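# Architecture and fold: a report
If you want the building blocks of each chain, they are given just below.
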Amino acid sequence: MEFMNKVREMAKEDIRRIVLPEGDEERTLKASEIIKKQGLAHVILVGPESAIKENAKNLSVNLEGIEIVDPETSEKTQEYSNAFYELRKKKGMTEEKALQTIKDPMYYGAMMVKCGDADGMVSGAVHPTGDLLRAGLQTVKTAPGISVVSSFFLMQVPDCTYGEDGFLLFSDCAVNPNPTAEQLASIAISTAENAKNLCKIEPRVAMLSFSTMGSASHELVDKVKEATRIAKEQRPDLMIDGELQLDAAIVDKVASLKAPNSKVAGKANVLIFPDLQAGNIGYKLVQRFAKAEAVGPVCQGFAKPINDLSRGCSVEDIVNVVALTAVQAQNN
Ligand code: ACO
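Residues numbered from 1 in each chain as written. Predicted model: local features only at pLDDT ≥ 70, side-chain atom pairs only at ≥ 80, totals over all residues. Heavy atoms only, no water.

The name an unreviewed UniProt entry gives the protein is Phosphate acetyltransferase, with Clostridium collagenovorans DSM 3089 as the organism. Quoted verbatim from the Catalytic activity (unreviewed entry) heading of the UniProt record, the comment on the protein is "acetyl-CoA + phosphate = acetyl phosphate + CoA". (UniProt positions renumbered as here; feature names shortened; annotations may be inferred.)

See the structure below:
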């Protein structure tokens, strides 16, 4: 994806510290060496030091210039444990459980970011998405003024003129199973901001449904209508419209029939799905059937950048997501 080449160049301009808490994992180790060589970020591998070093040796990965932190022996473990206990004590956290939790590299890494000892975190080559999100939600939490953490995918569809010549943002495809209308509005606004600030495109945001501008009546449609109303009210400066079916959102001819007065219909480059079932299935359909390149899920709404990987990720995917996280950290 051409956009990712730009992201790599941006990452190099101001090096950020990125934690990889699956430090002894094969693809993570290989990616770390590439990230170091290309100067994309300062990598901090978190995990059992002996396993990290042994696996690196077996894989002929050069660890020079890559920081290793072992939560079992680190002098910061107690400090992070105390801070984590303070954050979670109202939720029934005990000091003993906090120490045990912080020794989990995922939580240790998240606390490094929380406490300013790292600028961002990338994980998920081994752990499911929910594990990473929970660690982030319990520590780093949401950015000021943002109520919901969500995610987007950068989609590059080959031989396609929809969106920005086949480049679109899809959201939310990874985090919120069933967002409320308020949350959906917040997801739309956050994704529009990322389209503008990170991807440097003018966002045209379609709130997707199985109905276009009142063509069907159902409580599921009502939620999308309400989300559209809230998003427009909160951000009249953004081009957001709905409810729109997918074809009315991206195909000019369909839009001129079904939503002739919409500035977004037929030209949308940001697609907001009504729930996680639609979003997750939607991006995978485009990825598989249209052979689209899908980068993400890129998380948005955290106070500091934390990003997920697919468990089927390649070494290149990890390098890309680390570069993207570093750029998010630059903008933070
Ligand atoms: N934004 C902001 N805060 C949130 C969010 C959110 N999206 N979700 C939960 N929270 C809050 C909770 O209210 C809670 O607050 P607290 O501090 O008062 O405790 C805190 O964050 C921690 O939440 P938990 O209760 O520990 O987590 P929860 O059980 O709510 O799970 C999670 C949150 C992990 C995001 C869950 O909704 C989930 O599993 N989502 C789906 C992930 C997934 O499987 N995606 C599909 C695969 S990804 C792919 O295919 C690319």
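Once the structure has been displayed, the description carries forward.
Another point: the overall build of the protein. When helices and strands are counted, the protein shows 14 helices and 11 strands. Counting only C-alpha atoms and orienting by the principal axes, one finds that the protein spans roughly 65 × 45 × 30 Å. Within the span of the protein, comprising 332 residues, buried residues form 54% of the whole. Total accessible area on the protein stands at roughly 15000 Å², and carbon and sulfur atoms take up 48% of it. Charged side chains of the protein number 38 positive and 45 negative; the gap between the two group centres comes to 2 Å. (Helix = DSSP H or I, 4+ residues; strand = E, 2+ residues; numbered from the N terminus. Buried < 20%, exposed > 50% of the residue type's maximum accessible area, 1.4 Å probe, protein only. Areas by Shrake-Rupley, 256 points an atom, 1.4 Å probe, with all protein chains shown as cover. Lys, Arg positive; Asp, Glu negative; His and termini not counted. Charge placed at Lys NZ, Arg CZ, Asp CG, Glu CD.)

This paragraph deals with the pattern of salt bridges. Close approach of charged atoms allows side chains of opposite charge to pair. Scanning all chains against the criterion turns up 18 salt bridges. With a closest N to O distance of 2.8 Å, Glu25 and Arg27 form a salt bridge. The closest approach of N and O atoms between Glu72 and Lys103, which form a salt bridge, is 3.8 Å. Of this pair, Glu72 sits in the loop between strand 3 (67–69) and helix 4 (77–88) while Lys103 sits in the loop between helix 5 (95–102) and helix 6 (105–114); the two residues are 31 residues apart in sequence, bridging distant segments of the chain. Overall, Glu72 belongs to the exposed group, its relative accessible area being 54%. (Salt bridge = Lys/Arg side-chain N within 4 Å of Asp/Glu carboxyl O.)

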